[in-house]
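# An overview of the molecular structure
Each chain, letter by letter, is given below.
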Amino acid sequence: MTGLIEIEGVTHAYPTAAGPLPVLENLQISVPENEFAAVVGPSGCGKSTLTRLVAGLLLPDEGGVRLHGEWVRSPRSTVGMAFQNPVLLEWRTILDNVILPLEIVAPRMGRRERVDRAMQLLEMVGLKGFEAKRPSELSGGMRQRASLCRAIVHKPEVLILDEPFGALDAFTREDLWQTLRNLRQEEPFTTLLITHDLRESVFLGDQVFVLSGRPAHTQYVLDVDLPDDRDIEILYDTRSVEMLAILREQIRIAQGRSTAEQAVNA
Ligand SMILES: Nc1ncnc2c1ncn2[C@@H]1O[C@H](COP(=O)(O)OP(=O)(O)O)[C@@H](O)[C@H]1O
Ligand SMILES: [Mg+2]
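This one's a predicted model, so the numbers in the text were calculated from it and none came from an experiment.

## Focus: the overall build of the protein
Of regular secondary structure, the protein possesses eight helices and ten strands. Over its C-alpha atoms the protein spans a radius of gyration of 19 Å, differing by no more than 12% from the 18 Å that the globule rule assigns to 266 residues. Each principal axis of the C-alpha atoms in the protein carries an extent, and together these give about 60 × 40 × 40 Å. Going through the 266 residues of the protein one by one, you find that 50% of them count as buried. A fraction of 67% describes how many contacts in the protein between residues 6 or more apart in sequence connect residues 24 or more apart. For the protein, the exposed surface amounts to about 12600 Å²; the carbon and sulfur share of it is 51%. Side-chain charges in the protein split into 28 positive and 37 negative, and the spacing between the mean points of these groups amounts to 6 Å.

## Quick word on the UniProt feature "domain: ABC transporter" (unreviewed entry) in the protein
The feature "domain: ABC transporter" (unreviewed entry), as annotated in UniProt, sits at residues 5-238 in this numbering. Taken end to end, residues 5-238 is 31% helix and 27% strand, and its first and last C-alpha atoms sit 31 Å apart.

## Section: the packing of helix H2 (residues 94-105) against helix H4 (residues 140-152)
Axis separation between H2 and H4 bottoms out at 7 Å; the angle between their running directions is 30 degrees. Here H4 runs roughly parallel to H2, going by the angle between their axes. Of the two elements, H2 crosses H4, and the hand of that crossing is right-handed. Counted together, Ile94, Asn97, Val98 and Pro101 of H2 and Ala146, Cys149 and Arg150 of H4 form the full contact between these two elements. Partitioning the contact of H2 with H4 into residue classes produces five nonpolar, one polar and one charged.

## Here's the deal with the site of ligand 1
Surveying the vicinity of ligand 1 reveals the residues Tyr14, Leu21, Val23, Ser43, Gly44, Cys45, Gly46, Lys47, Ser48, Thr49, Arg52 and Arg214. Between ligand 1 and glycine 46 there is a distance of 3.0 Å, counted from an oxygen atom to a backbone nitrogen or oxygen. One nitrogen or oxygen atom from the side chain of threonine 49 is found 2.5 Å from an oxygen atom belonging to ligand 1. Coverage of ligand 1 by the protein chains reaches 63% of its 570 Å² of free accessible surface. At the level of elements, strand S2 (19-31) and helix H1 (47-54) are the ones that each hand at least two residues to the shell around ligand 1. Sort the elements by how many residues they give to the shell around ligand 1 and H1 lands first, with four residues. Within the shell around ligand 1, the residues separate by chemical class into four nonpolar, five polar and three charged.

## Describing the sheet that holds S2
Pairing is antiparallel across the open sheet formed by four strands, whose spatial order is S2-S1-S4-S5. This sheet does not close on itself; its edge strands, each paired only once, are S2 and strand S5 (70-71). Here two bridges tie strand S4 (residues 62-67) to S5, and the two strands are oriented antiparallel to one another. Counterpart to arginine 66 in the pairing with S5 is tryptophan 71. Across the sheet, H1 lies against strand S1 (5-16), S2 and S4, angled at about 120 degrees from S1, the strand it touches most.

## As for the packing of aromatic side chains
Taken as a whole and judged by the stated rule, the model has one aromatic pair. Seen from their ring centres, tryptophan 177 and phenylalanine 203 are 5.8 Å apart, and the 35 degrees between their planes marks the pair as tilted. Residue tryptophan 177 is found in helix H5 (residues 170-186), and its partner phenylalanine 203 is found in helix H6 (residues 198-204); the two are separated by 26 residues along the sequence. The residue whose ring lies beneath arginine 181 is phenylalanine 203, and the NZ or CZ to ring-centre distance is 5.7 Å. A cation over an aromatic ring shows up here: arginine 184 above the ring of phenylalanine 189, its NZ or CZ 5.9 Å from the ring centre.

Thresholds, definitions, all that
Sequence positions are assigned chain by chain, starting from 1 and proceeding in written order. Lettering of chains starts at A and numbering of ligands starts at 1, both following the order in which they are written. The predicted origin of the model limits local features to residues at a pLDDT of at least 70 and limits the giving and counting of side-chain atom pairs to 80 or more, whereas totals for whole chains, interfaces and linings rest on all residues. Processing note: side-chain calculations cover all non-hydrogen atoms of the structure and skip hydrogens and water entirely. Here a helix means four or more residues in a row that DSSP labels H or I, a strand means two or more in a row labelled E, and each is numbered from the N terminus. The quantity called the radius of gyration is restricted to C-alpha atoms. Its globule counterpart is 2.2 Å times the number of residues to the power 0.38. Only protein chains enter the accessibility calculation, which uses a 1.4 Å probe; a residue whose area is less than 20% of its type maximum is buried, one above 50% is exposed, and one in between is partly exposed. By definition in these notes, contact holds between two residues if any of their heavy atoms fall within 4.5 Å. Reported accessibility uses the Shrake-Rupley method at a 1.4 Å probe radius. Residues are deemed covered only where the shown protein chains occlude them. Counting rule for charge: Lys and Arg are taken as positive, Asp and Glu as negative, and neither His nor the chain ends is counted. Positions of charges follow a simple convention, taking NZ of Lys, CZ of Arg, CG of Asp or CD of Glu. UniProt positions are given in the numbering used here, feature names are shortened, and annotations may be inferred rather than shown by experiment. Helix axes use the C-alpha atoms of the stretch in contact, all axes being lines fitted to C-alpha atoms, and the angles between their N-to-C directions lie in the range 0 to 180 degrees. Here the angle decides the label: under 35 degrees means roughly parallel, over 145 means roughly antiparallel, 65 to 115 means roughly perpendicular, and every other value means oblique. Note: crossing handedness is left-handed where the near helix turns anticlockwise from the far helix by less than a right angle, and right-handed where it turns clockwise. Residues are grouped as follows: Ala, Val, Leu, Ile, Met, Phe, Trp, Tyr, Cys and Pro are nonpolar; Asp, Glu, Lys and Arg are charged; all remaining types, including Gly, are polar. Whether a residue is near a molecule or strand is decided by its heavy atoms; if any one of them lies within 4 Å of it, the residue is near. As used in this structure description, the phrase polar contact means that two N or O atoms lie within 3.5 Å; if the pair is within protein, one of them must be able to donate a hydrogen and the other to accept it, and residues adjacent in sequence are counted only when both atoms belong to side chains. Each pair of strands is called paired provided DSSP finds at least two bridges between the two strands. The rule is short: rings of Phe, Tyr and Trp, with Trp giving its six-membered ring, pair when the centres are within 6.5 Å, and they are stacked under 30 degrees, edge-to-face over 60, tilted in between. Placement of a positive charge over a ring is assigned whenever Lys NZ or Arg CZ falls within 6 Å of the ring centre and within 35 degrees of the normal to the ring plane.

Written out as structure tokens, the structure is:
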């Protein structure tokens with residue numbers, strides 16, 4: 001089966017003063033339509049680089065990325081993005097921050113329709129009543145909820161998330177996982193999530209891709225065989241615990257350390 005997102009043999013190096021820095025090497029990832037792919041890997045292995053390639057913000061040296069079979073050569077409006085830092089505009093209200101992408105991709109849409117769409121999302125993520133606030137008046141978790149709304153307000157086919165919950169406390173983070181699952185149940189979209197939180201990857205993912213150390217290739221792919229209807233307790237089930245152990249071992253391998261070495265160093 002071909003995926004909606006096809007990362008095909010992507011190889012990329014950054015030019016640096018010390019010569020080229022190979023970051024990705026023959027990377028393969030395929031994400032079927034409306035599925036959720038989580039990507040984990042060692043720090044600095046090239047995960048954010050991967051998001052820029054999928055978003056069309058960077059062109060690879062070799063290979064390429066296809067969305068719906070079309071090569072990505074520049075940024076496109078069918079992709080939404082959210083990052084660890086919500087980057088909301090302080091001079092706009094929360095509502096007007098969420099509306100922003102519509103002003104760009106749907107310039108002929110009327111104000112009324114834009115507001116309705118944004119309010120529908122703000123309500124879904126529990127921010128109704130906060131639409132007239134400025135970003136600085138909201139907590140970090142609320143700002144990240146608003147930034148998720150902004151990323152999907154124009155109904156993108158693909159949502160790219162680069163460690164969006166990394167700066168939040170554990171409870172807020174788990175709330176947002178549930179919010180994201182709920183949003184996707186309301187209106188499905190294909191998702192590529194970068195995270196360093198293995199529980200997050202299992203709770204949210206249909207598949208988890210473990211990248212090797214730099215230059216990164218796909219070292220391991222885990223099929224998350226949990227029911228679609230999940231709540232946070234599912235992470236304590238035997239199957240989840242087993243999957244987390246597998247991922248932890250794979251991360252150790254990616255970091256270039258075997259379990260045996262760790263045992264010796266412990
Ligand atoms: N524009 C750039 N020019 C040179 N090196 C870069 C650039 N962007 C990232 N890098 C380097 O490429 C490697 C991968 O970066 P990145 O994709 O941000 O990793 P990750 O998100 O997995 O931590 C890192 O060593 C980083 O320092
Ligand atoms: Mg990164």
